[in-house]
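Summary of structural features
Listed here are the chains, written in short residue letters.
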Amino acid sequence: MYKVKISLIALAIAGIQLNAEAQRKTVNQRVDSVMRLMTLDEKIGQLNQYSGREVTGPLVKQNANMLNDIRQGKVGSMLNVQGVQNTRHVQEEAMRSRLKIPLLFGMDVIHGYKTIFPVPLAESATWDMDLIRLSAHIAAKEAAAVGLHWTFAPMVDVARDPRWGRIMEGAGEDTYLGNDIARARVLGFQGDKLGGLDAVMACAKHFAAYGAVSSGRDYNDVEMSEHQLWETYLPPFKAAVDAGAATFMSSFNTLNGVPTAASNYLQRDILKGQWKYSGFVVSDWGSIDQMIKWGYVPDKKQAALKAIISGCDMDMMSYSYIEHLKELVNTKQVSIKLIDDAVKRILAKKFELGLFDDPYRFCNEEREKAELNNPEHVKATLKVAQRSIVLLKNEASILPIQNSFKKIAVIGPLADSKRDMQGAWAGANDADRVVTLLSGLKQKIGNGVQITYTKGSTIKTNDTTGFAEAVKVAKDADLVIMALGEAYDQSGESRSRADIGLPGSQDQLFSAVQATGKPVVAVLMAGRPLIFSNIAAKANAILYAWFLGDQAGNAIADVLTGAVNPSGKLPVTFPRSVGQIPLTYNDYKTGHPYNSNVFQYQTGYIDVPNAPRYAFGHGLSYTTFKYSDLKLDRSTMRKNGKITASLTLTNTGTRAGEEVVQMYIHDPVASVVQPTKKLKGYGKVALEPGASTTIVFIINAETLSFYNQQLKWDAEPGKFKVMIGSASDDIKLQADIELQ
Ligand code: BGC
């Protein structure tokens, strides 16, 4: 199964590349024909992007300047103009410009436009590329139906610090899984070929290493070795390039002292040079003139100069290009060739989207209405949400809820909170569409079971006035379900937290309720891994439900009642203590291994264990799986060869279930010290009770390679350990292999 999936994605990518090559030739000719007509002002206009929050709706008149710029051909793209009526209206202004070059409309459609899917980190817990691709595809369909051409997604930043609020926007901590998810999301947004009316341009962001901002503080500096950059942080961007991502966005951080919008190394050497990227790069919002605040340049003109020279093609909302590029060209500080190259990249995308043929082709009211009310989209978000849930703990198999529980208490500030279920970056969300846990449970739990609800506390405050009622309701119940966690605006951009425990009085509320002695199932909701030692120790079961989108309540109720067997696996490590952060399964060996007798504390802490609370890859099921019969077709291979590893997976429980089988590799002796484990393969399989299947992994030189001291991706001869299991800390089968 694992093999089949990989080859389908590879075929899709190969097809896209062939298509793209043929298309590029005609597109280039058409681009050149427009370029010949353009003045310098019009060229610079293409590199300028404004936010249209203020040009649509009642504020149109106040923004006459922006509209005027559009009519003069001084704007290439607008963000945050949405809806067929609005995009049509603003495009009409562009059609009044001399050359009638259509505008590109972009927006952050991160996990759905109207139909809200689970936040990206949650979706990553599915480890299911088909579902992730489907979610992106539906987001794109809805976005394209409201006149948008471009989403600022996927965020492919590897993130290993849960204090960073934007960890919710990405695929978690792992590079290998992140590569697959980057590909799936790009293909989902763009379809097989740009120009489809159900697709938008993707934007791989934030280039690069934004996920490693120091101490998880948003917008901060990143100091990183070349080795770490190439090994861990760049690969998902390369995967996005290979999948055909139409655009890239630079980031808000500095990388080794250089703001990334001014990074020649990232944008010219790596992206447009080594990776031969033909799409265009947009800055992040205002990040070009933020170079002044960084203390990297004295003024906006220098900022524009640095950015254009370094390969940033479009200026998002800093007005630096529109105000200064002309003078920079006229004084010969910037060559017209650089401007032409940037303009061509942008025009090419406008041609590929078909906008020169019909600038209003994404503006169709009927399509808009149909797509925003498409019942298939609701079904899809429910399916993705069900599979994003991770069962962290299930003491004495208390879940699924047994028939003997006749009185269920639902307690907690997130049990009936609609907006919070959608998380941050919720597109054009409509909270009225959300099914909460309380309403989902009421619908799914059979007659004869009484559900009593009380909120108990707020999410963020220290108020305890609801505790007495919560204790009373709990005492009167057979089972308590507590919905606890963060508010939707406590993760996301600019939402870093130093304390990632439960906010407000929620932990106390849990203690008060748990002290009643009634069994407690905790359903935790958040955009990041939280730290919840008390709950981890005392709750009878824990479901990690992230922010699951519009169908959150139905999905959680399906898992609680057993209609759906949970299959999610953590895409990120859950620490025990903030002091352990950053913590990853992908850690390094040291000269003082933790369990050695001498000075063992040098590699650990004296106050908490080294191990995380829940490891990368962890996730339980209502059934059990047995791993057996690991077989290798050979144990040695040459660089151009391969080893096929196969094993038997058996569902040994009484329910049908899905398991994510994970393969990790370790290179015990290498010219660059290697992590103790690296994920190098996985496969998700569904098995009926008692059924078995064979899982096959292919190991080749690619599987064994790493960036060596010369930053060359290569595999070194020697022995390797192959570890296969159900989580990074639950290895079931191992074998040694050798590369000759
Ligand atoms: C974020 C980007 C986003 C942009 C446009 C910025 O603040 O960092 O990720 O795409 O705004 O909304």
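Details of the structure are given in the entry above.
Residues numbered from 1 in each chain as written. Predicted model: local features only at pLDDT ≥ 70, side-chain atom pairs only at ≥ 80, totals over all residues. Heavy atoms only, no water.

Focus: the overall build of the chain
Each helix and strand in the chain was counted, giving 23 helices and 27 strands. Taking 2.2 N^0.38 as the reference for a compact globule, 740 residues should give roughly 27 Å; the C-alpha atoms of the chain span a radius of gyration of 26 Å, in line with that estimate. Expressed as lengths along the three principal axes of its C-alpha atoms, the size of the chain is roughly 75 × 65 × 45 Å. Counting across all 740 residues of the chain, residues that qualify as buried make up 61%. For the chain, long-range pairs separated by at least 24 residues make up 79% of all intrachain contacts whose partners lie at least 6 apart in sequence. Accessible surface computed for the chain: about 27,100 Å², of which carbon and sulfur atoms make up 50%. (Helix = DSSP H or I, 4+ residues; strand = E, 2+ residues; numbered from the N terminus. Rg over C-alpha atoms; globule rule 2.2 N^0.38 Å. Buried < 20%, exposed > 50% of the residue type's maximum accessible area, 1.4 Å probe, protein only. Contact = heavy atoms within 4.5 Å. Areas by Shrake-Rupley, 256 points an atom, 1.4 Å probe, with all protein chains shown as cover.)

Some details on the pattern of salt bridges
What the rule picks out here adds up to 36 salt bridges. Between glutamate 493 and arginine 166 there is a salt bridge; the shortest N-O distance is 3.6 Å. Of this pair, glutamate 493 sits in the loop between strand E15 (479-485) and helix H20 (506-514) while arginine 166 sits in the loop between strand E4 (150-151) and helix H7 (175-190), and the two are 327 residues apart along the sequence. Under the relative-accessibility criterion, arginine 166 is labelled buried at 1%. For the salt bridge of lysine 460 with aspartate 489, the shortest nitrogen-to-oxygen distance reads 2.9 Å. Of this pair, lysine 460 sits in the loop between strand E14 (450-454) and helix H19 (467-475) while aspartate 489 sits in the loop between E15 and H20, and the two are 29 residues apart along the sequence. Note on aspartate 489: relative accessible area 24%, which makes it partly exposed. Among the charged side chains, a network of salt bridges with common partners joins Arg71, Glu93 and Arg96. (Salt bridge = Lys/Arg side-chain N within 4 Å of Asp/Glu carboxyl O.)

Points about the environment of lysine 678
Its location among the elements puts lysine 678 in strand E22 (residues 678-687). Overall, lysine 678 belongs to the buried group, its relative accessible area being 12%. Those residues within four positions of lysine 678 in sequence are excluded, and the remaining contacts are Glu231, Tyr585, Asn586, Met663, Tyr664, Ile665, Ser705 and Phe706. A polar atom in the side chain of lysine 678 sits 3.1 Å from the side chain of glutamate 231. (Polar contact = N/O pair within 3.5 Å; in protein donor to acceptor, adjacent residues only side chain to side chain.)

Focus on the sheet that holds strand E20 (residues 642-651)
Taken in spatial order, the 3 strands line up as E18-E20-E23 in an open sheet, and their pairing is antiparallel. The strands lining the two open edges of the sheet, one partner per strand, are strand E18 (625-632) and strand E23 (692-700). Between one strand and the next, the sheet's axes are offset by a mean angle of 25 degrees, whatever the strand orientation. Here E20 pairs with E23 via 9 bridges, running antiparallel. Within E23, the residue paired with serine 646 across the bridge is valine 696. (Pairing = 2+ DSSP bridges. Axes fitted to C-alpha atoms, helices over the stretch in contact; angles between N-to-C directions.)

Examining the nonpolar core
Ranked by size, the top nonpolar core spans 193 residues in total, and within it Phe532, Trp546 and Leu560 carry the most contacts. A per-element tally of this core places helix H14 (residues 336-352) first, with 7 residues. Of the residues that make up this core, three or more belong to each of domain 1 (1-105 + 338-370) and domain 2 (378-580). If we ignore the near neighbours within four places in the chain, the residues touching leucine 560 are Leu399, Pro400, Ile401, Leu437, Leu441, Ile481, Val521, Val523, Leu543 and Tyr622. (Core = buried A, V, L, I, M, F, W, Y, C linked by side-chain atoms within 4.5 Å. Domains from an automatic or database assignment.)

What to know about the side chain of aspartate 218
Positionally, aspartate 218 belongs in the loop between strand E5 (203-207) and strand E6 (221-222). Here aspartate 218 sits buried without a salt bridge, and the closest side chain of opposite charge, arginine 166, lies 4.9 Å off (N-O distance). A polar contact of 3.0 Å, which involves the side chain of aspartate 218, links it to the side chain of tryptophan 164. One polar contact links aspartate 218 to tyrosine 210, side chain to side chain, over a distance of 2.6 Å. (Lys, Arg positive; Asp, Glu negative; His and termini not counted.)

Quick notes on the environment of leucine 647
The residue leucine 647 is located in strand E20 in this model. Leucine 647 gets classed as buried once you look at its relative accessible area, which sits at 1%. Separated by 610 residues in the primary sequence, leucine 647 and leucine 37 place their C-alpha atoms 63 Å from one another. Setting aside chain neighbours within four positions, we find leucine 647 in contact with Tyr627, Ser628, Asp629, Leu630, Val661, Thr693, Thr694, Ile695, Phe697, Ile724 and Leu733.

A short note on the side chain of arginine 497
Counting through the fold element by element, arginine 497 comes out in the loop between E15 and H20. Using a relative accessible area of 15% as the deciding quantity, one classes arginine 497 as buried. A polar side-chain atom of arginine 497 sits 2.9 Å from the main-chain carbonyl oxygen of glycine 501. Excluding its chain neighbours within four sequence positions, the residues that come into contact with arginine 497 are Arg163, Glu486, Gln490, Leu502, Pro503, Arg528 and Leu530.

Quick notes on the site of the ligand
Around the ligand sit Leu79, Asp108, Phe152, Arg166, Lys205, His206, Met249, Phe252, Asp284, Trp285, Met316 and Glu493, and those are all the residues in its vicinity. A distance of 2.7 Å separates an oxygen atom of the ligand from a polar atom in the side chain of histidine 206. Within the side chain of aspartate 284, an N or O atom sits 2.5 Å from an oxygen atom of the ligand. When isolated, the ligand has an accessible area of 310 Å², and the protein chains bury 93% of it. (Near = heavy atom within 4 Å.)

Quick notes on the packing of aromatic side chains
For the structure shown, the criterion picks out 26 aromatic pairs. Seen in terms of ring centroids, tyrosine 219 and phenylalanine 252 are 5.1 Å apart; in terms of plane orientation they differ by 90 degrees. Their pairing is edge-to-face. With tyrosine 219 in the loop between E5 and E6 and phenylalanine 252 in the loop between strand E7 (247-250) and strand E8 (254-255), this residue pair connects regions lying 33 residues apart in the sequence. Taken together, a centroid distance of 3.9 Å and an interplanar angle of 15 degrees make the contact between phenylalanine 351 and phenylalanine 356 stacked. On the accessibility criterion, phenylalanine 351 (8% relative accessible area) is buried. (Phe/Tyr/Trp six-rings, centres within 6.5 Å; stacked < 30°, edge-to-face > 60°.)

As for H14
With 17 residues, H14 should reach 24 Å at 1.5 Å per residue; the first-to-last C-alpha distance of 24 Å fits that figure. Within the sequence span of H14, burial applies to Ile339, Asp340, Ala342, Val343, Arg345, Ile346, Leu347, Ala348, Lys349, Lys350, Phe351 and Glu352. Count one or two residues on from H14 and you reach glycine 354, which has phi positive near 80 degrees. (Expected span 1.5 Å × (residues − 1).)

Describing helix H10 (residues 264-274)
Residues of H10 that are buried: Leu266, Gln267, Ile270, Leu271 and Lys272. Viewed along the axis of H10, the buried residues span an arc of 155 degrees, placing them on a single side of the element. Lysine 276 occupies a position one or two residues after H10 and carries a positive phi of about 50 degrees. (Arc of directions from axis to C-beta.)

Some words on the sheet that holds E5
Reading across from one edge, E5-E7-E10 is the order of the 3 strands in this open sheet, with parallel pairing throughout. Strand pairing shows two members of the sheet lacking a second neighbour, E5 and strand E10 (280-282), which therefore form its edges. Averaged over all pairs of adjacent strands, the angle between strand axes in this sheet comes to 25 degrees, irrespective of strand direction. Where E5 meets E7, 3 bridges bridge the pair, whose relative direction is parallel. Looking at E7, one finds that cysteine 203 is bridged to threonine 247.

Description of the state of the cysteines
One pass over the structure, following the stated rule, counts 0 disulfides. Here cysteine 203 is not disulfide-linked; the sulfur of cysteine 312 is the nearest cysteine sulfur, at 11 Å. (Disulfide = S-S within 2.5 Å.)

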